Amino acid sequence: MSPQAAAAVFTPRSMAALRGVCDLAPLPVLDDLRSVRAKESLADVDVLVTGWGCPRLDADVLAAAPRLKAVVHAAGSVRGHVTDACWDRGIEVTSAAAANALPVAEYTLAMLLLHGKHVLERARDFRQARARDAWLLTPHAVGNYRRTVGLLSASLIGRRVIELLRPFDFEVLLHDPYVTPVEAAELGVEWVELPELFMRSDLLSVHTPLLPATRGLVSRGLLASMRPGATLINTSRGAVVDQDALTDVVRAGRIRAVLDVTDPEVLPVDHPLWDCPNALITPHLAGSQGSEWERLADTAVGELARWAAGDGFAHPVRRERLAFLA
């Protein structure tokens, strides 16, 4: 991983825990797997603990690591570095994606509640007027009682959002082509077709991984079908949404948007969404940051301990599931 990722994720406490379950190769961390020092280290490793900034583990790298049996990724997606050469050699892989899903789900819940209550707009109006509005005249479109929340994809994050929504008086809809209506009912939500999801939702949260089949999935037609004043929240990947179409409907004032990701990321400095009062753009902060990085490290250490004890990974990443994973 990059030295910056190592310093952020692995605190002294985490490093001590890591040393408690394995013989750790000498530091500093490797961010170039083709150097002389890297090849000397790789010759003896059984497991690679990886993170953000890890180079690709291609056939040439693996040739220098004849003993390598497992990759423990202390972050989310492994697509950037785990290659076909790893799967072909039968190397086991795990990631901390489940741990990273937790803060994203928490961010989503916070934004659902804030935007259901129209907190940001009303705080702005309060700041400008310096006087309380006529609160008994608040429209019934404001508030979180019996609102309809739509979730696009029952991913790790989407399922955690479902759990977090249970104490609230929301009607929760789900569209996921890999989940049946019966399975959705078992999760406590209603399965609907994609167009219905967009037409019925007051608040709609996107949790679909970016895959060839999902690029631009949230189309101009779907966005145009949303209820006036509805909110779209995107914490997945910007390219899942048609950025130009989203810009048009937000600028027209038809819907509100909470965008933790955009396409491109970051938007150009002169992009019109920056100045839209009904758009909240955050700097890809929903995932693990600050103290939450320690959860990633703890997950990686726990997975390594399980594997070393012969218990296998609790969160294995399998080749046959890559078509559905971010």
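Rules behind the numbers
- Residues numbered from 1 in each chain as written.
- Predicted model: local features only at pLDDT ≥ 70, side-chain atom pairs only at ≥ 80, totals over all residues.
- Heavy atoms only, no water.
- Buried < 20%, exposed > 50% of the residue type's maximum accessible area, 1.4 Å probe, protein only.
- Helix = DSSP H or I, 4+ residues; strand = E, 2+ residues; numbered from the N terminus.
- Pairing = 2+ DSSP bridges.
- Contact = heavy atoms within 4.5 Å.
- Axes fitted to C-alpha atoms, helices over the stretch in contact; angles between N-to-C directions.
- Phe/Tyr/Trp six-rings, centres within 6.5 Å; stacked < 30°, edge-to-face > 60°.

Caption draft 1: Molecular detail of the pairing of strand β7 (residues 203-206). What you see with β7 is no split at all: Leu203 and Ser205 on one side and Leu204 and Val206 on the other are buried throughout. Pairing of strand β4 (residues 147-152) with β7, which is carried by 4 bridges, proceeds in the parallel orientation. Bridge pairing in β7 places Gly150 opposite Leu204. Pairing geometry for β7 and strand β8 (residues 231-234), over 4 bridges, is parallel. Across the sheet, the residue bridging to Leu204 is Leu232, located in β8.

Caption draft 2: Layout of the sheet that holds β7. Read from one edge of the open sheet, 7 strands run β6-β5-β4-β7-β8-β9-β10, paired in parallel fashion. The sheet is open, and its two edges are formed by β6 (190-191) and β10 (279-281), each paired on a single side. Bridging between β8 and strand β9 (residues 256-259) involves 4 bridges; their strand directions are parallel. Looking at the pairing, Leu232 lines up with Ala257 of β9. Where helix α8 (residues 156-165) meets the sheet, it contacts β4 and β5 (170-175), and its direction lies at approximately 160 degrees from that of β4.

Caption draft 3: Seen up close, the packing of aromatic side chains. Scanning the model with the defined rule gives 2 aromatic pairs in all. When the centroid spacing of 6.1 Å and the interplanar angle of 45 degrees are considered together, the rings of Phe168 and Phe170 count as tilted. On the basis of relative accessibility, which here comes to 12%, the residue Phe170 falls in the buried class. Judged by centre distance (6.5 Å) and plane angle (20 degrees), the ring pair of Trp307 and Phe313 falls under stacked.

Caption draft 4: Geometry of the sheet that holds strand β2 (residues 70-73). Here 3 strands make up an open sheet; going across it, the order is β1-β2-β3 and the pairing parallel. Here the strands that pair on one side only, and so sit at the sheet edges, are β1 (47-50) and β3 (92-95). Put simply, the sheet's adjacent strands are angled 15 degrees from each other on average, direction ignored. Pairing between β1 and β2: 4 bridges, direction parallel. In the sheet register, Val47 faces β2, and the bridge partner there is Ala70.

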